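# Report on the structure
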Amino acid sequence: MATLKDIAERAGVSQGTVSRILNEDRSLNVSAETRENVKRIAIELGYKSAFQRHRGVEAVTAFNTEQSRSVVIGIAQMYDLTQLQDDLYYMMLKNMVDAECFNNGWNTVALYRNREGRFIQNSNAKLDGIIAIGRFSPEEIESFGKYTGNIVFIDSSPDEMKYYSIVPNYHMAVRLVMSRFEEMGHKKVHYLGALSTYNGVKQLRTDPRYYYYKNHMMHRNLFDEDLVLPCEMNFRSSYDIMNKYLDTHNAPPQALFIASDAAAVGAVQSIHEHGFKVPEDCSIITYNNTAFSEGCNPPLDSVELYLQENAKEAAFALMRLWGTQRLPRKTVIPCSLIVRGSVKKIEN
């Protein structure tokens, strides 16, 4: 079995650095390239996670013993390949799920939408479980059921009495964002992002980030519709809405909460093209903490959602389904705010 020492020697870093990277320690000051290199080497060497060794190895071993073949997990995603290019978060989450399955010795196959909008697989492999990433319609969820009843959802919870699900703590995330702005003297905080999103059964409802932002501002008698910049969670939409705002106001918002790194890309580019700087002219906090917020100039404060933990919990849920614990559970993953200095302190 591969060890931390094996990975460290291949990567040219210390064992302590390897351990902190694999445990998603965001306070560790290393480049994104080093992080990715260490994770890649760990996968190549078949490094077994502590999760597998200590939390579920007995269940997996017992399940594998009953099989005459390898475990196969289907991976379904809300977005297609074109949409994934605009949202690094879901691409990273899918990669984390693949890596966790690999660490557990499971094979994965991708599920794709057909022309009727139902998910199919391009192989004849018997699926032992499905991990569905994002939000899906009732018809899409029904199409999962023809392959297996062992279905786990990440980032949505369509039926809490039927399916295991892993979701972020949106309330906690927005509370961290707004508290940071207030600590730095900002009261008039703008929101840029989607106002509505699809829930677990693909019905439009208020986006939870906007919902908690609005509640927070209303509770302090600070909410104003003019503070809201609605856009889709992609580059083009956020770029256009920020261009429109800057052309109208001749200055960016003093404080801006952007609901996704995918939307932050366009907004930040527009701000820079108009000759303004972050955080001197516009303090920004984003959501998702992808490579964009870390590599942006300057790096942006961002909400960390712990994708690796999401992937581990999804794998653990499958282990429960294979065992005796069939009653589903909804797991809410906490988050943290990574502070990089993109919020300017002001004196009120």
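Cut-offs used in this document
- Residues numbered from 1 in each chain as written.
- Predicted model: local features only at pLDDT ≥ 70, side-chain atom pairs only at ≥ 80, totals over all residues.
- Heavy atoms only, no water.
- Pairing = 2+ DSSP bridges.
- Helix = DSSP H or I, 4+ residues; strand = E, 2+ residues; numbered from the N terminus.
- Axes fitted to C-alpha atoms, helices over the stretch in contact; angles between N-to-C directions.
- Contact = heavy atoms within 4.5 Å.
- Left-handed = near helix turned anticlockwise from the far one by under 90°.
- Nonpolar A, V, L, I, M, F, W, Y, C, P; charged D, E, K, R; others polar.
- Core = buried A, V, L, I, M, F, W, Y, C linked by side-chain atoms within 4.5 Å.
- Buried < 20%, exposed > 50% of the residue type's maximum accessible area, 1.4 Å probe, protein only.
- Salt bridge = Lys/Arg side-chain N within 4 Å of Asp/Glu carboxyl O.
- Arc of directions from axis to C-beta.
- Parallel < 35°, antiparallel > 145°, perpendicular 65-115°, else oblique.
- Expected span 1.5 Å × (residues − 1).

Read across the sheet, seven strands follow the order β3-β2-β1-β4-β5-β6-β14 without closing on themselves; strand pairing throughout is mixed. Single-partner strands in this sheet number two, and they are β3 (119–121) and β14 (330–333). Averaged over all pairs of adjacent strands, the angle between their axes in this sheet comes to 25°, without regard to strand direction. Alignment of strand β1 (residues 72–77) against strand β4 (residues 129–133), held across five bridges, turns out to be parallel. In the sheet register, Q77 faces β4, and the bridge partner there is I133. Against the sheet, helix α13 (residues 307–322) makes contact with β1, β4, β5 (151–154), β6 (164–168) and β14, and its axis sits at roughly 160° relative to β5, the strand it touches most.

Our focus in this paragraph is the packing of helix α10 (residues 235–249) against helix α11 (residues 261–273). Taken N-terminus to C-terminus, the directions of α10 and α11 make an angle of 35°; their axes are 7 Å apart at the nearest point. For the pair α10 and α11, the sense of crossing is right-handed. Contacts from F235, S238, Y239, M242, N243 and L246 of α10 reach α11 at A262, A263, V265, G266, A267, Q269, S270, I271 and E273. Of the residues belonging to the contact of α10 with α11, the class tally is nine nonpolar, five polar and one charged.

Cis peptide bonds are those with omega within 30 degrees of zero, and the linkage from V278 to P279 qualifies with 5°. Topologically, P279 is positioned in the loop between α11 and β12 (283–288). In the segment running from N297 into P298, the intervening peptide bond is cis, with an omega of 0°. With respect to the element layout, P298 can be found in the loop between α12 (291–295) and β13 (301–304). Within the chain, N250 stands out as a residue other than glycine whose phi angle is a positive 60°. Inspection of the secondary structure puts N250 in the loop between α10 and β11 (255–258).

Sheet architecture is open: six strands sit in the order β10-β7-β11-β12-β13-β15, paired in mixed fashion. Each of the sheet's edge strands pairs with one partner strand only, and the pair in question is β10 (228–230) and β15 (336–338). Sheet twist, expressed as the mean angle between neighbouring strand axes with direction ignored, is 20°. Bridging between β11 and β12 involves three bridges; their strand directions are parallel. The residue bridging A255 from the neighbouring strand is S283, located in β12. Across the face of the sheet, helix α8 (residues 170–183) comes into contact with β7 (189–193), β11, β12, β13 and β15 while running at roughly 165° to β12.

To continue, consider the nonpolar core. Counting residues in each nonpolar core, the largest one holds 88 residues, and the members touching the most others are I131, F144, L192 and Y213. Among the elements that take part in this core, α13 stands out by supplying ten residues, more than any other. If near-sequence neighbours (up to four positions away) are discounted, F144 is found in contact with A76, L111, F119, I130, A132, F136, I151 and F153. Judged by nonpolar contacts, the second largest core, of 13 residues, contains A2, V18, V30 and Y47.

What follows deals with the pattern of salt bridges. According to the stated counting rule, one finds ten salt bridges in the structure shown. Salt-bridge contacts for R180 lead to D301; the nearest nitrogen and oxygen are separated by 3.8 Å. On the criterion of sequence distance, the pair formed by R180 in helix α8 and D301 in strand β13 is long-range, its members being 121 residues apart. For R180, a relative accessible area of 17% puts it in the buried group.

A few words now on the side chain of S260. Looking at the element boundaries, S260 is found in the loop between β11 and α11. Assessed through its relative accessible area of 2%, S260 is described here as buried. The contact partners of S260, leaving out residues within four places of it in the chain, are D87, M233, Y287 and N288.

A word on helix α2 (residues 15–22). Buried residues of α2: T17, V18, I21 and L22, and no others. The arc enclosing the buried residues of α2, seen along the axis, measures out at 125°, which places them on a common side.

To describe two helices that pack against each other, one gives the angle between their axes and the distance between the axes. Direction vectors running N to C along helix α1 (residues 4–11) and α2 enclose 105°, while the axes themselves pass 8 Å from each other. Viewed along their axes, α1 and α2 adopt a mutual orientation that is roughly perpendicular. Where α1 approaches α2, its residues L4, K5, I7 and A8 are matched on the opposing element by Q15, V18, S19 and L22. Counted by class, the contact of α1 with α2 contains five nonpolar, two polar and one charged residues.

For α13, which comprises 16 residues, the first-to-last C-alpha distance of 23 Å matches the rise-based estimate of 22 Å (1.5 Å per residue) to within 8%. The buried fraction of α13 is high, at 15 of 16 residues.

As a further point, take the environment of A263. As for its placement among the helices and strands, A263 is situated in helix α11. Residue classification places A263 among the buried positions, given a relative accessible area of 0%. Residues A263 and Y239, spaced 24 residues apart in sequence, show a C-alpha to C-alpha distance of 8.0 Å. For A263, the contacting residues outside a window of four places in its chain are L192, C231, E232, M233, N234, S238 and I258.

By themselves, these figures tell us nothing about what the structure is for.
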